[in-house]
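Below, each chain spelled out in residue letters.
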Amino acid sequence: MSDTPTIESKSIDWVPLAERKGKPSTLFPLWFMSNANLTTLATGMVGAALGASLLTSLLAILSGTAVGTVFTAFHSAQGPQLGLPQMIQSRAQFGYRGVVVICAVVVFSIVGFNVFNQILAADVLTLTTGADVPDLWYVVITALALALAIFGYHWIHRFQTWLTWVFLATFGVFTVAALIWSDIPDGQLGLGQFTWAAFLVQFGAAAAYALGWAPYVSDYSRYLPPQTSPRKALFYTYTGVFVGAAWLMALGALVAALMAGASPLDAVRKAADDIVPGSGLWLLVAALPGLITVITINIYAASLELITMVDSFRAVRPTRRLRVISCSVVAAAGLLGAMLST
């Protein structure tokens, strides 16, 4: 990637053919790691909190994720064909200014997700370092996520690919070990206490989580060559989102069954420590980069939405400086929200 600019200059403008490169297979690690994080794991514990058995939660997670991912994957195929951010494409459906409403909803939801992700990442740092200074952790987390968002598209893809291997070497081993050595409580692998309420809430949470990427998924495929097969773009996006989300939600359901009533971080730490004493904190440390990069994914996408909103009322020059400012505004909003929430 030596010919890649250090800091991306494109934002809402069309990506010229000369700058199009890459393979659709790079969409798998991007979307796998965007979903393979502790926030996703916590989402998989929703059913257990309502009394669902492990089997009930797994059925809801797999079916909900499978349904929600369909719409996300189809949108991803648009990126290589048009070379434009998704909300710019959506002006055709919602109108030049009508799209502002959609953008505003997406930006607010992204900032909200980032607040939660930052709180969770700060809790990881507090647990692993013993230093209970959440405001400091929020600043550090935001700075790292913002820096990667400013570097932009190609560097985000590259980091997600690296982190995929790190994740497989840590949570992959933990998952296999948990399945082999954990003693799953009686009744957790049956449907004896099945309730539709618990099933549907977990199904809805899984489907909404997978569907949540749909408004900006093609932002991360728009640099691919226009001759990229839509079928391949759809396939690698679908499998990345589905495998990452279903795996981590299922793992969340498993640790919830093993550690009833524990918080997501405590459940993971205790489950790992039961297998190899002392490994729990190291597993949480390994999960921290994934939390930071998902904040990056959200900052980058929301910055494009923000520029689109401004451009809908007054035409702007989509310069590198404007993109940096937009990323900084979104990051600052998430930082402020996290600080005010504690």
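This is a predicted model, so every value here is computed, not measured.

Cut-offs and rules
- Residues numbered from 1 in each chain as written.
- Predicted model: local features only at pLDDT ≥ 70, side-chain atom pairs only at ≥ 80, totals over all residues.
- Heavy atoms only, no water.
- Helix = DSSP H or I, 4+ residues; strand = E, 2+ residues; numbered from the N terminus.
- Buried < 20%, exposed > 50% of the residue type's maximum accessible area, 1.4 Å probe, protein only.
- Contact = heavy atoms within 4.5 Å.
- Core = buried A, V, L, I, M, F, W, Y, C linked by side-chain atoms within 4.5 Å.
- Phe/Tyr/Trp six-rings, centres within 6.5 Å; stacked < 30°, edge-to-face > 60°.
- Lys NZ or Arg CZ within 6 Å of the ring centre and 35° of its normal.

1. Here we look at the side chain of threonine 237
Right, on to step 1. Residue placement: threonine 237 occurs in helix H12 (residues 230–258).
Right, on to step 2. For threonine 237, a relative accessible area of 0% gives the class buried.
Right, on to step 3. Setting aside residues up to four positions removed in sequence, threonine 237 forms contacts with Leu27, Trp31, Thr72, Ala73, Ser76 and Val217.

2. Regarding the environment of alanine 121
Right, on to step 1. Here alanine 121 lies in helix H8 (residues 99–129).
Right, on to step 2. The class for alanine 121 is buried, based on a relative accessible area of 0%.
Right, on to step 3. Once you skip the residues sitting within four places of it in the chain, alanine 121 turns out to touch Ile141, Leu288 and Leu291.

3. Focus: the nonpolar core
Right, on to step 1. Formed by 90 residues in total, the largest nonpolar core has its most connected members in Leu38, Phe174, Tyr220 and Ile299.
Right, on to step 2. Residues within four places of isoleucine 299 in sequence aside, it is in contact with Asn114, Ala145, Leu146, Ala149, Cys327, Val330 and Ala331.

4. Considering the packing of aromatic side chains
The relative placement of two aromatic rings is captured by the distance of their centres and the angle of their planes.
Right, on to step 1. Taken as a whole and assessed by the stated rule, the structure comprises 19 aromatic pairs.
Right, on to step 2. Considering the side-chain rings of phenylalanine 32 and phenylalanine 167, the 5.6 Å spacing of their centres and the 80° angle between planes classify their relative orientation as edge-to-face. Of the two residues, phenylalanine 32 is situated in helix H1 (residues 27–35) and phenylalanine 167 in helix H10 (residues 153–181); the sequence distance between them amounts to 135 residues. Neither phenylalanine 32 nor phenylalanine 167 differs from the other in exposure class; each is buried.
Right, on to step 3. For the pair phenylalanine 151 and tryptophan 155, a centre-to-centre distance of 6.5 Å together with 65° between the ring planes defines the contact as edge-to-face.
Right, on to step 4. Three or more aromatic residues link up through ring pairs in this structure, and these residues are Phe28, Phe32, Phe167, Phe171, Phe174 and Trp247.
Right, on to step 5. Positioned above the aromatic ring of tyrosine 96 is the side chain of arginine 91, whose terminal nitrogen or guanidinium carbon lies 4.0 Å from the ring centre.

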